[in-house]
Amino acid sequence: MGVVQICKGQYFWLEPKNAFENFQEPDIGLIALAFLQGSFAYGGWNFLNYVTEELVDPYKNLPRAIFISIPLVTFVYVFANVAYVTAMSPQELLASNAVAVTFGEKLLGVMAWIMPISVALSTFGGVNGSLFTSSRLFFAGAREGHLPSVLAMIHVKRCTPIPALLFTCISTLLMLVTSDMYTLINYVGFINYFFYGVTIAGQIVLRWKKPDIPRPIKVNLLFPIIYLLFWAFLLVFSLWSEPVVCGTGLAIMLTGVPVYFLGVYWQHKPRCFNKFIELLTLVSQKMCMVVYPKVEEDSGTEELNEDVEQWRQPIYQPAAPKDKAAEEP
């Protein structure tokens, strides 16, 4: 439809003199906020990293999938926006709550209903991918002992992390208490990019402190450094432009600190607390029909087996008494 519009001569807002005309005062904070909101559309680049354990030949297929998907998604989004501006002005784009729907109403006539259905299908596809990958974060965190051990369990037949999926669903519903979608995108975008930057910085630190550890997928340090510079610009000016929204996002993130001290750092918990968590775990196992993943004896090293045994230790396990602990070798 965009090509047809251009062939009809409807490309007024694509001409450079009109495309780069300022219709409001330039502001560096708004530019950073625009990048933050626009980057939400490209947020899927990191999701595949969460499921590397389930990929076939991940060291080859993971980079290949990223190299193929990022240019493809960029092509689709850029040319979709080119099509939008053939039918709408920048002011109309900003005023519309659903740009694709408005675009369809202007050009499709009686067939405009196709666009809302297409958007809904696309949304369900995005949610399906997000649920599939994001639940693995809770699954891995539980294996490391940072979350209740029931989240590290899988279904006895389907081998899917049912508790982690349900936990993802509940946390997602809690995010929907706000009705302003742009505010929610700013919340999620700011928190996501904050953690992306911390993760990339950790990669640089590990490359410096532990240069000899195995790295099946290795990139030049120039790329994470460039990313960190862009990351700093994005977060600093977004915080300056929307201090309340970004500050709220930081506050949401900091709610994990007391949870960490309560669930992980605090080792000597009361017996009643441990009993409650143990009962909750048992009930969850029966309701979801989940158990710890089975590890084949010949599939890992001794270090892996030790890690698995550590995963199976719940975070509520009470510490051994001092006299018994002293007798143990």
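Here the structure is a predicted model, which means the values were calculated and not measured.

1. A look at the UniProt feature "transmembrane region" (unreviewed entry) in the protein chain
The UniProt record annotates "transmembrane region" (unreviewed entry) at residues 28-45, 66-87, 107-127, 159-178, 184-208, 220-241 and 247-266. From the first C-alpha to the last, residues 184-208 spans 36 Å; its make-up is 100% helix and 0% strand.

2. So, a nonpolar patch on the surface
A cluster of nonpolar residues, Tyr42, Leu72, Val73, Phe75, Val76, Tyr77, Val78 and Phe79, forms a patch on the protein surface that exposes about 720 Å² of accessible area. By the secondary structure assignment, Val76 is in helix 4 (residues 58-87). The exposure class assigned to Val76 is partly exposed, which follows from its relative accessible area of 48%.

3. Here we look at the packing of helix 11 (residues 243-254) against helix 12 (residues 256-265)
The axes of two packed helices give the description: the angle between them and the distance between them. With their axes 5 Å apart at the nearest point, helix 11 and helix 12 run at an angle of 5 degrees to one another. Here helix 12 runs roughly parallel to helix 11, going by the angle between their axes. Between helix 11 and helix 12, the residues in contact are Ile252, Met253 and Leu254 and Gly256, Val257 and Pro258, respectively. Per-class residue counts for the contact of helix 11 with helix 12 are 5 nonpolar, 1 polar and no charged.

4. What to know about the pattern of salt bridges
Note on pairing: side chains with opposite charge can pair once their charged atoms come close. Enumeration over the complete set of coordinates arrives at 3 salt bridges. Residue Glu54 pairs with Arg136 through a salt bridge whose shortest N-O separation is 2.7 Å. Here Arg136 lies in helix 7 (residues 114-143) and Glu54 lies in the loop between helix 3 (28-38) and helix 4, a separation of 82 residues in the sequence. The exposure class of Glu54 is partly exposed, given its relative accessible area of 45%. Given a relative accessible area of 9%, Arg136 falls into the buried group. The residue Lys106 makes a salt bridge to Glu92 at a minimum N-O spacing of 3.4 Å. Of this pair, Lys106 sits in helix 6 (residues 99-107) while Glu92 sits in helix 5 (residues 90-95); the two residues are 14 residues apart in sequence, bridging distant segments of the chain. Since its relative accessible area comes to 43%, Lys106 is described here as partly exposed.

5. Digging into the packing of helix 10 (residues 222-241) against helix 11
Two elements in contact, helix 10 and helix 11, have axes separated by 5 Å at closest approach and are oriented at 120 degrees. Between helix 10 and helix 11, the angle falls in the class oblique. Contact residues: Ser238, Leu239, Trp240 and Ser241 in helix 10; Pro243, Cys246 and Gly247 in helix 11. The class makeup of the residues in the contact of helix 10 with helix 11 is 4 nonpolar, 3 polar and no charged.

6. As for the side chain of Thr168
Following the sequence through the fold, Thr168 ends up in helix 8 (residues 162-175). If sequence neighbours within four positions are ignored, Thr168 has contacts with Leu131, Ser134, Ser135 and Phe138.

7. A closer look at the side chain of Arg207
Position of Arg207 among the secondary structure elements: in helix 9 (residues 181-209). For the buried Arg207, which has no salt bridge, the nearest side chain bearing the opposite charge is Asp212, at an N-O separation of 10 Å. Within the local environment of Arg207, its side chain forms a polar contact with the backbone oxygen of Val219, the two atoms lying 3.0 Å apart. Apart from residues no more than four positions distant in its own chain, Arg207 is found in contact with Arg215, Lys218, Val219 and Leu221.

8. Describing helix 7
If you check helix 7, its first and last C-alpha atoms are 44 Å apart, about what 30 residues at 1.5 Å a residue would give, namely 44 Å. All of the buried residues in helix 7 are Met115, Thr133, Ser134, Ser135, Arg136, Phe139, Gly141, Ala142 and Arg143. Positive phi shows up at Gly145, right after helix 7, with a value of about 85 degrees.

9. Quick notes on the nonpolar core
Judged by nonpolar contacts, Leu33, Leu36, Phe190, Tyr193, Tyr196, Ile200, Tyr227, Leu228, Trp231, Leu234, Leu235 and Cys246 together constitute the single largest core of 12 residues. Those elements giving two or more residues to this core turn out to be helix 3, helix 9 and helix 10. Looking at this core, the element that brings in the most residues is helix 10, giving 5 residues. Beyond its immediate sequence surroundings of up to four residues, Leu36 is in contact with Asn186, Gly189, Phe190, Tyr193, Leu234 and Ser238.

10. A word on the environment of Gly247
Here Gly247 lies in helix 11. Given a relative accessible area of 28%, Gly247 falls into the partly exposed group. Sequence spacing of Gly247 and Phe190 is 57 residues, and the spatial spacing of their C-alpha atoms is 9.4 Å.

Criteria and thresholds
Residues numbered from 1 in each chain as written. Predicted model: local features only at pLDDT ≥ 70, side-chain atom pairs only at ≥ 80, totals over all residues. Heavy atoms only, no water. UniProt positions renumbered as here; feature names shortened; annotations may be inferred. Helix = DSSP H or I, 4+ residues; strand = E, 2+ residues; numbered from the N terminus. Patch = residues over 30% accessible without salt bridge, like charges linked within 9 Å, V, L, I, M, F, W, Y side chains within 5 Å. Areas by Shrake-Rupley, 256 points an atom, 1.4 Å probe, with all protein chains shown as cover. Salt bridge = Lys/Arg side-chain N within 4 Å of Asp/Glu carboxyl O. Buried < 20%, exposed > 50% of the residue type's maximum accessible area, 1.4 Å probe, protein only. Axes fitted to C-alpha atoms, helices over the stretch in contact; angles between N-to-C directions. Parallel < 35°, antiparallel > 145°, perpendicular 65-115°, else oblique. Contact = heavy atoms within 4.5 Å. Nonpolar A, V, L, I, M, F, W, Y, C, P; charged D, E, K, R; others polar. Lys, Arg positive; Asp, Glu negative; His and termini not counted. Polar contact = N/O pair within 3.5 Å; in protein donor to acceptor, adjacent residues only side chain to side chain. Expected span 1.5 Å × (residues − 1). Core = buried A, V, L, I, M, F, W, Y, C linked by side-chain atoms within 4.5 Å.

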